[in-house]
There are 2 protein chains.
Amino acid sequence: MTFTRAVSATNRLLDMLLPKDREQLLVNCEHMELNIGEVLYRVGDVIPHVYFPTGGFISLVASIDSTNLEVGLVGNEGMLGITLLLGVDTAPFTALIQGAGTALRISVSSFLRILEQSPELHRVLKRYLYVTMSQLAQTAACTRFHLVEGRLARWLLMSQDRAHADHFHITHVFLAYMLGVRRVGITKAANTLQQKKLISYQRGEIRVLDRAGLEAISCGCYKADKEIYGRIMG
Amino acid sequence: MTFTRAVSATNRLLDMLLPKDREQLLVNCEHMELNIGEVLYRVGDVIPHVYFPTGGFISLVASIDSTNLEVGLVGNEGMLGITLLLGVDTAPFTALIQGAGTALRISVSSFLRILEQSPELHRVLKRYLYVTMSQLAQTAACTRFHLVEGRLARWLLMSQDRAHADHFHITHVFLAYMLGVRRVGITKAANTLQQKKLISYQRGEIRVLDRAGLEAISCGCYKADKEIYGRIMG
DNA sequence: AGATGTATGTGTGCTGGCGAACAGAGGACG
DNA sequence: CGTCCTCTGTTCGCCAGCACACATACATCT
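Each value, and the rule that gives it
- Residues numbered from 1 in each chain as written.
- Chains lettered and ligands numbered in written order.
- Predicted model: local features only at pLDDT ≥ 70, side-chain atom pairs only at ≥ 80, totals over all residues.
- Heavy atoms only, no water.
- 1 Å grid on protein atoms, 1.4 Å probe; cavity = no way out; pocket = protein on both sides within 12 Å on 5 of 7 lines; lining within 4 Å.
- Points joined across faces, edges and corners; volume = space filled by probe spheres on them.
- Helix = DSSP H or I, 4+ residues; strand = E, 2+ residues; numbered from the N terminus.
- Nonpolar A, V, L, I, M, F, W, Y, C, P; charged D, E, K, R; others polar.
- Phe/Tyr/Trp six-rings, centres within 6.5 Å; stacked < 30°, edge-to-face > 60°.
- Buried < 20%, exposed > 50% of the residue type's maximum accessible area, 1.4 Å probe, protein only.
- Near = heavy atom within 4 Å.
- Polar contact = N/O pair within 3.5 Å; in protein donor to acceptor, adjacent residues only side chain to side chain.
- Least-squares fit on C-alpha atoms with pLDDT ≥ 70 in both.
- Pairing = 2+ DSSP bridges.
- Axes fitted to C-alpha atoms, helices over the stretch in contact; angles between N-to-C directions.
- Contact = heavy atoms within 4.5 Å.
- Buried area = accessible area lost by both parts, 1.4 Å probe.
- Salt bridge = Lys/Arg side-chain N within 4 Å of Asp/Glu carboxyl O.
- Domains from an automatic or database assignment.

Novice: Pulling in residues and values, what's your account of the layout of surface pockets?
Specialist: Residue and element names in this part refer to chain A. By volume, the largest pocket is sized at about 700 Å³. As for the largest pocket, its lining consists of 47 residues, and the residues nearest its centre are L73, E77, Q135, M158 and R162. For the lining of the largest pocket, the secondary structure elements donating two or more residues are α1 (12-16), β5 (67-74), β6 (94-99), α4 (119-145), α5 (148-163), α6 (172-179) and α9 (221-233). Per-element tally for the lining of the largest pocket: the top contributor is α4, with 8 residues. Looking at the lining of the largest pocket residue by residue, the class counts come to 26 nonpolar, 12 polar and 9 charged.

See below:
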């Protein structure tokens, strides 16, 4: 999956911080490339780094039996590794790079050290964790009740937000994996969206043609997620 | 829903604390009855109290469109209001009393005051929050992939654990509501379980006859949840 | 050009769960 | 005692998504 490189290389979470805290983090961060398909860590792994995506984005995937299901998406509006706030050093989900781009990365030890020194940083990240939890529940219900077409539209919108580009690369197989449905289900839903002129795609290149139309057809969960983020993160 | 009153009126979370912290909390707590069907708070409400169930238990319910879905269960192994740790005073889920019994209740202001004074209390509760998040994801996947029969078995086991009784009262309608399926689906699944001599029920009185059998038929998520709790809470 | 691999489209039959509606069966209560 | 109400059982048609299988299109590499 290759995204047009995002232009704005900022992370909204970092932007919210006091300049002092942001600097503290930034000097300890290294820039890195997020390469599609790479697994940053799996459930139960000890987390080595925290990531603040600036361009790319990352899926949080829950595994069950031998299937998988995406339960969250982390882009430049958030961070990967937020559960370290809770004093547990292992990953609750598998983290899989979905959208190529860049991220800032910091070691867990540095991260925790800076975290201890800054109540304000702590405050912001705790609120982000709250948002993550809320969205987890939202996604659970969405996955249960909503049809593939609406869920696909939601996914495309969320990804577009995080990719900061109107087109990106992802195959039906992969989408099926994320949404926990068969590939054929995606093919049909994607076809419908294309016929409605909301998107266009060919061999993995997906282009969003009509955001408003997509929002209309997507389940309300897209808006609900944004609303939660806005309300809590301000 | 009326449970045989639980005999052991303890809360595992409280039991894990240092005696000092536990005392601090207990002196600020009041005993109260949990009455079936009562809503302690709804999504978005400002949380007035934190609850440590000792006998009864509470459902965390996510609402979407006009349907609902249980996304978590809080019994004497946990607490209701854990998200207050994150510095947000509103509820991310609706909290609905599922199993009659007792709970210890403390005002949010007292709770937060004590929390600030005790790093150890903080430590334990953060870990519990981590468990809650993990189970949220587990439940999301379970709800997506597993069949009603297995999910019902899981629910019964979880409830039995929290009710500390081998029988309790809950109707098919209510179970349907919790699992996000039709009542008829529950009726059929419950019938199957009964024919297999795993449970018996009549007019809402459900009795677990064969725990091991239920565990075998339930989806792996029951065990997964216990495993996570055990691993993180120790 | 040919060969191989990847991505998408289509078809057939199956099933779990849905919506709606109705029938009995047991309690509760006047 | 009869009446109402709650809880459970059953039926019918329907559909989204499933499993499996195969066909076509494009891309890339030799």
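Novice: Now, about the packing of aromatic side chains: what can you tell me, with residues and values included?
Specialist: All names here are of chain A. Evaluation of the coordinates by the stated rule reveals 2 aromatic pairs over all chains. Each ring, one from F174 and one from Y177, has its centre 5.9 Å from the other, and the planes form 25°; the classification is stacked. Residue F174 and its partner Y177 are located together in helix α6, separated by 3 residues, close to a single helical turn. Among the residues examined, F174 registers a relative accessible area of 22% and is labelled partly exposed.

Novice: Let's hear about the protein's contact with DNA strand D: which residues, and what values?
Specialist: Near DNA strand D lie 16 residues; those nearest to it are R182 of chain A together with R183, Y201, R203 and G204 of chain B. Among atoms of DNA strand D positioned within 4 Å of the protein, sugar and phosphate together represent 55%. Within the contact set of DNA strand D, a phosphate oxygen lies 2.9 Å away from a backbone nitrogen or oxygen of H172 of chain B. Of the residues forming the surface near DNA strand D, the biggest block, 4 residues, is contributed by helix α7 (residues 183-195) of chain B. Counted by class, the surface near DNA strand D contains 5 nonpolar, 6 polar and 5 charged residues.

Novice: I'd like a rundown of the relation of the copies chain A and chain B, residues and numbers included.
Specialist: Its rotation angle being 180°, the transformation that places chain A on chain B also includes 0.0 Å of axial translation and leaves an RMSD of 0.0 Å. With respect to symmetry, the two chain copies, as superposed, fit the operation of a two-fold axis. Closest approach to the rotation axis among the C-alpha atoms of chain A is made by A140 of chain A, whose C-alpha sits 2.2 Å away.

Novice: Account for the sheet that holds β6 of chain A, naming residues and giving values.
Specialist: Residues and elements named next belong to chain A. Here we have 4 strands laid out as an open sheet, ordered β2-β6-β4-β5, and antiparallel in their pairing. Each end of this open sheet is capped by a strand with a single partner; those strands are β2 (39-41) and β5. Strand-to-strand, the axes of this sheet are offset by a mean angle of 35°, without reference to chain direction. With 2 bridges connecting them, β2 and β6 associate as antiparallel partners. Within β6, the residue paired with V39 across the bridge is L96.

Novice: Got a sec to walk through the interface of chain A and chain B? Specific residues and values, please.
Specialist: With 40 residues of chain A in contact, the opposing surface of chain B contributes 40 residues. A buried area of about 3,200 Å², summed over both sides, lies between chain A and chain B, and 71% of it is on carbon and sulfur atoms. If you sort the residues of chain A by the area they bury against chain B, L86, Y130 and M133 of chain A come out on top, with a joint share of 22%. Linking chain A with chain B are 0 salt bridges, by the criterion used here. Viewed at the interface, chain B and chain A are joined by 8 residue pairs in polar contact (both at pLDDT 80 or more). Elements represented by at least two residues in the side of chain A that touches chain B include exactly β4 (57-64), β5, α4 and α9 of chain A. Take the side of chain A that touches chain B: its biggest share by element is 16 residues, from α4 of chain A. The class makeup of the residues in the side of chain A that touches chain B is 23 nonpolar, 11 polar and 6 charged.

Novice: Any details on the protein's contact with DNA strand C? Residues and values, ideally.
Specialist: The local shell around DNA strand C holds 17 residues, among which R183, Y201, R203 and G204 of chain A together with R182 of chain B are the closest. Sugar and phosphate atoms constitute 50% of the interface atoms of DNA strand C, taking the interface as everything within 4 Å of the protein. R144 of chain A places a side-chain nitrogen or oxygen 2.9 Å from a phosphate oxygen of DNA strand C. One nitrogen or oxygen atom from the main chain of H172 of chain A is found 2.9 Å from a phosphate oxygen belonging to DNA strand C. Examining the composition of the surface near DNA strand C, we find that 4 residues originate from one element, helix α7 (residues 183-195) of chain A, more than from any other. In the surface near DNA strand C, the residues fall into 6 nonpolar, 6 polar and 5 charged.

Novice: An account of the domain arrangement of chain A is needed here, citing residue identities and associated values.
Specialist: All names here are of chain A. Domain assignment breaks chain A into domain 1 (2-118) and domain 2 (143-233). Of note, the centres of domain 1 and domain 2, computed from C-alpha atoms alone, are 22 Å apart. With 23 residues of domain 1 at the contact, the number on the domain 2 side is 21 residues. Buried area between domain 1 and domain 2, both sides added, is near 1,800 Å², and the carbon and sulfur share of it is 60%. Seen at the junction of domain 1 and domain 2, the total is 1 salt bridge. Between E77 and R162 there is a salt bridge whose closest N-O contact spans 3.4 Å. Counting across the interface, domain 1 meets domain 2 through 5 residue pairs in polar contact (both at pLDDT 80 or more). Going through the elements one at a time, α1, β4, β5 and β6 are the ones with two or more residues in the side of domain 1 that touches domain 2.

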